[in-house]
Amino acid sequence: TGKIARLAGIQADETVLEIGPGPGGLTHALLASPAKKVIVVEKDPRFVAHLTSFFADQLDRLVVIEADALAIDEEALLANHGATGPSRIISNLPYNVGTPLLVKWLKAGPWRGPMCLMFQTEVAERICARPGSPHYGRLAVLAAARCDARLALHVPRLAFVPPPKVESAIVILEDHHKPCADLAGLEHVTAHAFGQRRKTLSNAAVSWLQ
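Scoring rules and cut-offs
Residues numbered from 1 in each chain as written. Predicted model: local features only at pLDDT ≥ 70, side-chain atom pairs only at ≥ 80, totals over all residues. Heavy atoms only, no water. Helix = DSSP H or I, 4+ residues; strand = E, 2+ residues; numbered from the N terminus. Rg over C-alpha atoms; globule rule 2.2 N^0.38 Å. Buried < 20%, exposed > 50% of the residue type's maximum accessible area, 1.4 Å probe, protein only. Contact = heavy atoms within 4.5 Å. Areas by Shrake-Rupley, 256 points an atom, 1.4 Å probe, with all protein chains shown as cover. Lys, Arg positive; Asp, Glu negative; His and termini not counted. Charge placed at Lys NZ, Arg CZ, Asp CG, Glu CD. Axes fitted to C-alpha atoms, helices over the stretch in contact; angles between N-to-C directions. Parallel < 35°, antiparallel > 145°, perpendicular 65-115°, else oblique. Left-handed = near helix turned anticlockwise from the far one by under 90°.

1. Looking at the overall build of the protein
Step number 1: When you go through the protein residue by residue, the secondary structure sums to nine helices and seven strands.
Step number 2: Against the 2.2 N^0.38 benchmark of 17 Å for 210 residues, the protein shows a C-alpha radius of gyration of 18 Å, consistent with a compact globule.
Step number 3: Within the protein, the proportion of its 210 residues that are buried is 45%.
Step number 4: For the protein, contacts bridging at least 24 residues in sequence account for 65% of all contacts bridging at least 6.
Step number 5: Taken as a whole, the protein presents about 11000 Å² of accessible surface, with 56% of it coming from carbon and sulfur.
Step number 6: Between the mean site of the 22 positive side-chain charges and the mean site of the 20 negative ones, the protein shows a separation of 7 Å.

2. Focus on the packing of helix α7 (residues 138-146) against helix α8 (residues 183-193)
Step number 1: Axis separation between α7 and α8 bottoms out at 10 Å; the angle between their running directions is 165°. Accordingly, the angle class assigned to the pair α7 and α8 is roughly antiparallel. Read as a crossing pair, α7 and α8 show a hand that is right-handed. Touching Arg138, Val141, Leu142 and Ala145 of α7 are Leu183, Leu186, Glu187, Thr190 and Ala191, all from α8.

3. Section: α7
Step number 1: For α7, the tally of buried residues reaches seven of nine residues, placing the bulk of the element in the interior.
Step number 2: Here α7 has its buried residues at Leu139, Ala140, Val141, Leu142, Ala143, Ala145 and Arg146.
Step number 3: If you follow the buried residues of α7, they end up packed against α5 (98-106), β5 (112-120), α6 (121-128), β6 (147-155), β7 (168-175) and α8.

What follows is the structure, given as structure tokens:
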């Protein structure tokens with residue numbers, strides 16, 4: 001967790017947003033960083049109670065929110081808690097919502113800063129894939145339209161208790177200087193272009209023109 005926090009490059013004046021902190025392993029490392037404030041969003045009320053109790057002496061820098069990350073308005077949440085400037089997102093994402101959260105954040109406005117996110121390894125490889133790679137597809141196109149993405153760290157199964165059945169990896173995403181002007185439109189096109197069993201543009205075009 002300390003290595004993840006260091007990889008993220010947190011600066012002293014920044015607010016960090018963490019999704020799905022669970023028992024707070026990564027949260028502990030984020031609070032040990034120079035971050036001005038750490039805001040965590042947790043859906044499970046049992047973990048919310050634990051985090052509030054366990055980090056009781058750090059609630060001047062830590063904000064614990066009980067909510068579904070897919071449904072929150074991050075910009076309003078951050079503004080309500082005094083965040084100024086882009087906020088970093090640093091999370092060991094729940095595997096079942098990692099992809100929709102990433103797509104949501106790729107379309108985000110200026111409230112969102114660089115991202116340091118943990119995914120299942122095969123998802124991480126799809127995000128960072130380059131044209132010509134067997135992993136290249138919708139996620140790679142969307143990520144590259146807004147960010148420079150790189151796979152920064154492999155995380156073995158035994159780093160977790162209990163160990164999951166899959167390997168994990170950390171992806172760093174930083175906005176580049178020429179973002180796609182219509183990421184929502186690109187999302188629609190790529191959903192059709194890469195959603196066909198036989199991925200040819202002619203087959204895809206028929207589906208999105210219907």
